[in-house]
There are 2 protein chains.
Amino acid sequence: MSETSLLAALRGFLAENRLQALLIPTADPHLSEYIHDHFALRKAASGFTGSAGTLVVTEKNAALWCDSRYWEQAQRELVCGIFLMRDGKEDTPAISDWLHEVLAAGSKIGVDGRLMSSKAFSALKREMQVKGLELCALAKDPADLWRERPPLRFAPIFEHTAAPQKREEKIARLQTLLQKRGADAFLVTSLDEIAWLLNLRGSDIPHNPVFYSFLWVEKNAGATLFAALSAVPETLRARLEKEGIALRNKDGFEAFLAAQSAVTVLIDEGNTSEALTEILQRGEAISIQTDKSPVALWKAVKTEEETDLIRCAMKKDGTALIRFYAWLEKALRNGTPLTETEAAAKLGEFRAALPGFVDLSFETICAFGPNAALPHYQAHPGRDAALVGASFLLIDSGAQFQEGTTDITRTTAVGEPTEEMKEDYTAVLRAHIRLAKARFPEGLPSQAVDAIAREPLWERLCDYGHGTGHGVGFFLNVHEGPQRISYPRFSAGRDTVLSASTAMVSGMLTSNEPGLYRPGKWGIRIENLVSNRKAGESEFGRFLEFETVTLCPIDLKAVLAERLLEDEIRWINDYHNLVLNTLKDAVKDEPETLDWLIRSTRPIAK
Amino acid sequence: MSETSLLAALRGFLAENRLQALLIPTADPHLSEYIHDHFALRKAASGFTGSAGTLVVTEKNAALWCDSRYWEQAQRELVCGIFLMRDGKEDTPAISDWLHEVLAAGSKIGVDGRLMSSKAFSALKREMQVKGLELCALAKDPADLWRERPPLRFAPIFEHTAAPQKREEKIARLQTLLQKRGADAFLVTSLDEIAWLLNLRGSDIPHNPVFYSFLWVEKNAGATLFAALSAVPETLRARLEKEGIALRNKDGFEAFLAAQSAVTVLIDEGNTSEALTEILQRGEAISIQTDKSPVALWKAVKTEEETDLIRCAMKKDGTALIRFYAWLEKALRNGTPLTETEAAAKLGEFRAALPGFVDLSFETICAFGPNAALPHYQAHPGRDAALVGASFLLIDSGAQFQEGTTDITRTTAVGEPTEEMKEDYTAVLRAHIRLAKARFPEGLPSQAVDAIAREPLWERLCDYGHGTGHGVGFFLNVHEGPQRISYPRFSAGRDTVLSASTAMVSGMLTSNEPGLYRPGKWGIRIENLVSNRKAGESEFGRFLEFETVTLCPIDLKAVLAERLLEDEIRWINDYHNLVLNTLKDAVKDEPETLDWLIRSTRPIAK
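Residues numbered from 1 in each chain as written. Chains lettered and ligands numbered in written order. Predicted model: local features only at pLDDT ≥ 70, side-chain atom pairs only at ≥ 80, totals over all residues. Heavy atoms only, no water.

J.: Lay out the overall build of chain A in plain terms, naming residues and giving numbers.
T.: Each helix and strand in chain A was counted, giving 17 helices and 29 strands. For 606 residues, the compact-globule estimate of 2.2 N^0.38 gives 25 Å, and the C-alpha radius of gyration of chain A, at 25 Å, lies within 12% of that figure. With the C-alpha coordinates of chain A rotated into their principal frame, the extents come out at 70 × 55 × 50 Å. Taken over 606 residues, chain A has a buried fraction of 59%. Of the contacts made within chain A by residues no fewer than 6 positions apart, 70% connect residues no fewer than 24 positions apart. (Helix = DSSP H or I, 4+ residues; strand = E, 2+ residues; numbered from the N terminus. Rg over C-alpha atoms; globule rule 2.2 N^0.38 Å. Buried < 20%, exposed > 50% of the residue type's maximum accessible area, 1.4 Å probe, protein only. Contact = heavy atoms within 4.5 Å.)

J.: Lay out the relation of the copies chain A and chain B with the relevant residues and their values.
T.: With an RMSD of 0.1 Å, the fit of chain A onto chain B corresponds to turning through 180° and sliding 0.0 Å along the axis. The superposition operator between the copies reduces to a two-fold rotation axis. (Least-squares fit on C-alpha atoms with pLDDT ≥ 70 in both.)

J.: Outline helix α16 (residues 566-583) of chain B, listing residues and values.
T.: Each turn of an α-helix holds 3.6 residues, which means side chains three or four residues apart point in the same direction. All names here are of chain B. When the terminal C-alpha atoms of α16 are compared, their 26 Å separation across 18 residues agrees well with the 26 Å that a helix rising 1.5 Å per residue should span. Buried residues of α16: D567, E568, I569, W571, I572, N573, Y575, H576, V579, L580 and L583, and no others. Against α12 (304-333), β20 (408-414), α14 (419-436), β28 (528-538), β29 (541-548) and α17 (591-600) lie the buried residues of α16. (Expected span 1.5 Å × (residues − 1).)

J.: Explain the environment of D585 of chain B residue by residue, including any values.
T.: Turning to its location among the elements, D585 of chain B is positioned in the loop between α16 and α17. For the pair D585 of chain B and T319 of chain B, spaced 266 residues apart in the sequence, the C-alpha separation amounts to 9.8 Å.

J.: Quick one: what's the story with the sheet that holds strand β18 (residues 399-401) of chain B, residue by residue and with numbers?
T.: Residues and elements named next belong to chain B. Reading across the sheet, the 3 strands line up as β15-β18-β19 and stay open at both edges, with antiparallel pairing between neighbours. Taken across any chain shown, the strands that pair with only one partner, and hence form the sheet edges, are β15 (357-360) and β19 (404-405). In this sheet, β19 lies alongside β18 in antiparallel orientation, the contact comprising 2 bridges. Bridging from a neighbouring strand, Q400 pairs with T405 of β19. Relative to β18, α12 is tilted by about 135°, and along the sheet it contacts β18 and β19. (Pairing = 2+ DSSP bridges. Axes fitted to C-alpha atoms, helices over the stretch in contact; angles between N-to-C directions.)

J.: So, the pairing of strand β1 (residues 21-24) of chain B: which residues are in play, and what are the values?
T.: Residue and element names in this part refer to chain B. Side chains of β1 alternate between two faces, with A21 and L23 and L22 and I24 buried alike. With 3 bridges joining them, β1 and strand β5 (residues 108-111) adopt parallel strand pairing. Across the sheet, L23 pairs through a bridge with V111, a residue of β5. The sheet contact formed by β1 and strand β2 (residues 54-58) spans 4 bridges and is antiparallel. Bridge pairing in β2 links L23 to V56.

J.: Please provide a residue-by-residue account of the confidence of the model for chain A, values included.
T.: When the pLDDT values of chain A are averaged, the result is 95; 100% of them are 70 or greater. For this predicted complex, the interface score ipTM comes out at 0.93, while the overall pTM is 0.94. (pLDDT = per-residue confidence, 0-100.)

J.: Give a detailed account of unusual backbone geometry, specifying residues and quantitative values.
T.: For the bond from G481 of chain A to P482 of chain A, the omega torsion is -5°, close enough to zero to count as cis. Within the element layout of this structure, P482 of chain A appears in strand β23 (residues 480-485). Backbone geometry places R18 of chain B, a non-glycine residue, at a positive phi of 50°. For R18 of chain B, the position within the fold is in the loop between α1 (3-16) and β1.

J.: Before we move on, can you summarise the packing of aromatic side chains with the specific residues and values?
T.: Residue and element names in this part refer to chain A. Under the counting rule described, the total for this entry stands at 36 aromatic pairs over all chains. Ring geometry for F253 and F256: centres 6.3 Å apart, planes at 25°, overall stacked. Residue F253 and its partner F256 are located together in helix α9 (residues 253-258), separated by 3 residues, close to a single helical turn. The pair formed by F253 and F256 is uniform in burial state, with each residue classed as buried. (Phe/Tyr/Trp six-rings, centres within 6.5 Å; stacked < 30°, edge-to-face > 60°.)

J.: Any chance you could break down the interface of chain A and chain B for me, citing the residues and the numbers?
T.: Between chain A and chain B, the residue contacts involve 45 residues of the former and 45 residues of the latter. Both faces considered, chain A and chain B share a buried interface measuring about 3900 Å² in area, 63% of it formed by carbon and sulfur atoms. On the chain A side of the contact with chain B, W458, L461 and F540 of chain A bury the most area, a combined 18% of that side's loss. At the boundary of chain A and chain B, one finds 4 salt bridges. The partner of E539 of chain A in a salt bridge is R518 of chain B, with the nearest N and O atoms 2.5 Å apart. Here chain A is connected to chain B by 13 residue pairs in polar contact (both at pLDDT 80 or more). Sorting the residues of the side of chain A that touches chain B by element identifies β21 (439-441), α15 (450-458), β24 (496-502), β26 (515-518) and β28 (528-538) of chain A as the ones contributing at least two each. Residue classes in the side of chain A that touches chain B are distributed as 26 nonpolar, 7 polar and 12 charged. The pairing of β24 of chain A with strand β24 (residues 496-502) of chain B spans 7 bridges and is classified as antiparallel. Looking across to β24 of chain B, one finds that T502 of chain A is bridged to T496 of chain B. (Buried area = accessible area lost by both parts, 1.4 Å probe. Salt bridge = Lys/Arg side-chain N within 4 Å of Asp/Glu carboxyl O. Polar contact = N/O pair within 3.5 Å; in protein donor to acceptor, adjacent residues only side chain to side chain. Nonpolar A, V, L, I, M, F, W, Y, C, P; charged D, E, K, R; others polar.)

J.: Any details on the side chain of H432 of chain A? Residues and values, ideally.
T.: Tracing the chain through its elements places H432 of chain A in helix α14 (residues 419-436). Those residues within four positions of H432 of chain A in sequence are excluded, and the remaining contacts are N512, P514, I526, E527, N528 and W571 of chain A.

J.: Account for empty space enclosed by the protein, with residues named and values stated.
T.: If you roll a probe as big as a water molecule over the atoms, it shows you where there is empty space left. What the rule picks out here adds up to 3 cavities of 30 Å³ or more. Volume-wise, the largest cavity comes out at about 120 Å³. Along its surface, the largest cavity is lined by 15 residues, and Q447 and A448 of chain A together with Q447, A448 and P488 of chain B are the ones closest to its centre. (1 Å grid on protein atoms, 1.4 Å probe; cavity = no way out; pocket = protein on both sides within 12 Å on 5 of 7 lines; lining within 4 Å. Points joined across faces, edges and corners; volume = space filled by probe spheres on them.)

J.: Could you give an account of the pairing of strand β20 (residues 408-414) of chain A, with specific residues and numbers?
T.: Side chains on a regular strand alternate between the two faces of the sheet. Residue and element names in this part refer to chain A. Buried residues dominate β20, accounting for 7 of its 7 residues. Burial along β20 is two-sided: the face carrying I408, R410, T412 and V414 and the face carrying T409, T411 and A413 are both buried. Of the strand pairs in this sheet, strand β17 (residues 391-397) and β20 are connected by 7 bridges, and their pairing is antiparallel. Bridge assignment links L393 to a residue of β20, and that residue is T412.

J.: So what about the layout of surface pockets? Which residues, and what values?
T.: Of the voids in this model, the second largest pocket is the one considered here, and its volume is about 970 Å³. Contributing to the lining of the second largest pocket are 36 residues, with R430 and L565 of chain A together with L565, E566 and D567 of chain B lying nearest its centre. The set of elements that each furnish at least two residues to the lining of the second largest pocket consists of α14, α15 and α16 (566-583) of chain A together with α14, α15 (450-458) and α16 of chain B. Considering only residue class, the lining of the second largest pocket consists of 8 nonpolar, 2 polar and 26 charged.

What follows is the structure, given as structure tokens:
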């Protein structure tokens, strides 16, 4: 079924259901960041393969909204007849404005209520109402028309055996909170929250060790997990049930929810779908409490035992990384022909050889020269660049271990860097170090430290379009909330921005990844993971600082040492000393790697 | 009428109006930051004289909520029987929680709807609803019971003759916006917005050159100003009416609003009172649009002509300041006995002698030694400290000129500072300089630069409890929005904070005032006003930087030059060079002041 015939079928759906437009978001019923192809109707109907964007189809028109990361790609990929709407550009209409333009007043717009949070749905419904349009959650699934729809397959669910916190403690903590709030049950729909609460993992979404499921936790009883029964080994099922966690078929979840009555349910409107919320709203004597999910924050704050395990994962990952970079240096020195995908594959081999390796934590970004300037570059064999000539090689990669999830970016000067490249690289390094050595009050909104990293770049009239840091899961998704280091961006044409920020507390694991991208020239990013730890206490309160837990030398070739402040020189020498001392034993029998490690961690001076 | 008999009268009001509680905020019908004593019912009934706080009175109980700045003062001043509720402390109940505790379900709580924005009223009403309580806007004014209520007196309204933008242009700009939004009229209730739009000033509130009034601007007609007719000179009235601005008696405003029908009115819910909003809601076929007032932003962005005038005001103010500080140095050297209030009065004399001086822009804060550690210290003759012994003298002061409003803080080492004092002073100076020399992207949320100032203090586990910067009016209120440099604070017990921030644009005038306060020891604050100006443009967009417009030497006695970075040394030497060159001519015939100026702006080196 081609994109155009799918588009025609969707238009048939419009007519049949007396709708004037259909909204097709990029989402699954758990509002995951990454989704299984089963839910990729937007991609199938539009041709656009990016990981975010919303397709809108009317009888006569179709348009796709996506943000600046994807403008080029969407332009190239979109099937004929679908307008590209550059989201965030000042003259780009909002979806509701565009629909207001092309549809008659009173038109009905449908969306699969399972693919939109009730919060987002309500906001959009209100926005459309003002413009005389009616948004409704569909009773039928438009994806049923998609004949080649890939089936969902459920991989085995397994225990996260390394998890130091017991699931009964986690569930008890949630039950105590329900007690305190006067709620009877909490509905967990985010896959990583379910995996974290139950210390279970899966592999239903590539690189994200989660499994499709829903969880219902009751104040006074245990919990009920709705999963694919075929994915749960018998021994695990028995163990869960012994611990008071009932197992039921995922397909029965909506009926289960519909059968509830006379209960107070706590939900997070931001990650519970409109469809599930509507089921609860229709229930008899059901009272709904809404708040941010407490699980997101608990999950973000790693315990000391978890942080210890994360340090182990970092040591393992660092070993693979130094083996790779030593190999790479030799290969380049020897003039071995090498492309981006080949380099990425080799790094993958070194990682896969490590004990306890489960998966990559995301598709490795390996980008050379101008490719590194594309924020979401993905190399494809045969179409990728060869590592030839003088430029920067940017590799952003990570792995999943039972002991933790890693995420690291290094930018390596291949050949002799120019002065301009050195200035750029040194500025990014300064940004990285400023943040790495920052201290700040405990409880500071996470957004607030962002400017500390950007200041050295701003000074040179430079900036980067992405956030400085995201939360990272514990053998879970490489992107998680709620903390985030970034400055809030304004919507087009607005002069006020409303943004939510989370209090920084000890134990949070976050990335520190400033960058600089010169379109057509090169891209630079230096990323380590940092763990919030106590820095000290004074009459002004408790203060935190970052412990850099990622272990891998930072390339020194393009560093202009004279541009660094004394304390910045000290930081990088201390960091390299730590990397050397922590990793050298692991490669003591690998002379070439050891030699590379020693050379790469040499102290620098002004 | 004593506080206790007023409290008894208010309880009588409760019974008469079948209310179970009365909320008495600190506000006037324009939701001004500073209010006339006429509106100070909260103060009269509680005894607490602080400038912020809410009194709640029930039949049996009374309690006052105020933030940490006032805890000590409220403890001292509150009349017997009124509980102090330390707002922001973790175990302090919210007003609605406390009322839920002490009142029966279904209780009615009254508040004067003129003293609360409709936004705040709606939020509190919802909050109370959840707890089974009903908030209602009163039909009768409880302040009528207050027998000694000071009458409102209306000072003459006068032209802001120096204003470079014509009022007809400002009003036309507003009318164009109404046109674009499809609204018929805009209701202006903020006094500084009215003053700015009309280029008129008054003096109804001490130090704030505004006048009590309302303004109604229509899309297709002119505007109608509701003011005290006695305050408008006949010539001004004639001029306004010629320009299409009708003048009507302020007392008729509510009736005027109630008589409107079939119009779409734009209001800012955040600064329009619940009472006025309810009048509009009751109107026939009135449609209400809500948004942030556009005038607040227009007012914040000074034009180039305005910034030129502000530079003139700064030069004048700087002349008074250097005369004062030269005089002070001599007085201290000569051992002249001197108290805080005497020093403040002398500074006031130097300012009042300047051409074009209108008023102070706020009550001068002159605090010596431990007094400077109290954020809202106000010295009183007879009870104030003598400038004796070695400590810091902190003076935060400002003036109103037709050319602009000034606001400056200097901290001067009296006697020989200790090493600890020098470390503190140098850290605050570094914080000030870091922000003063920062560059940042145009359109950055104003909050985002805050960490740049605080980083040098956080590094030493220090911080300050106030914001780093507030907007400053143009011959208007010394505090104005919408931009603000500060990190958002969490409410007690919350781990997420939602905050609004404004895009930084060229022309905004903001304070740069980091500080450090050691209770019982000393307080330090260094404040200049800074104007956003273009720093340059690159492939990453347009960048802004701050032009420091305040002109007065920063005391060098307690500076540890070796702690400053090279670029920080350069900044202070450049700044002092500018101060010297701009001010020396004005005092060329005053040898002592000139000598002091030259010595105080000497270059420093590591």
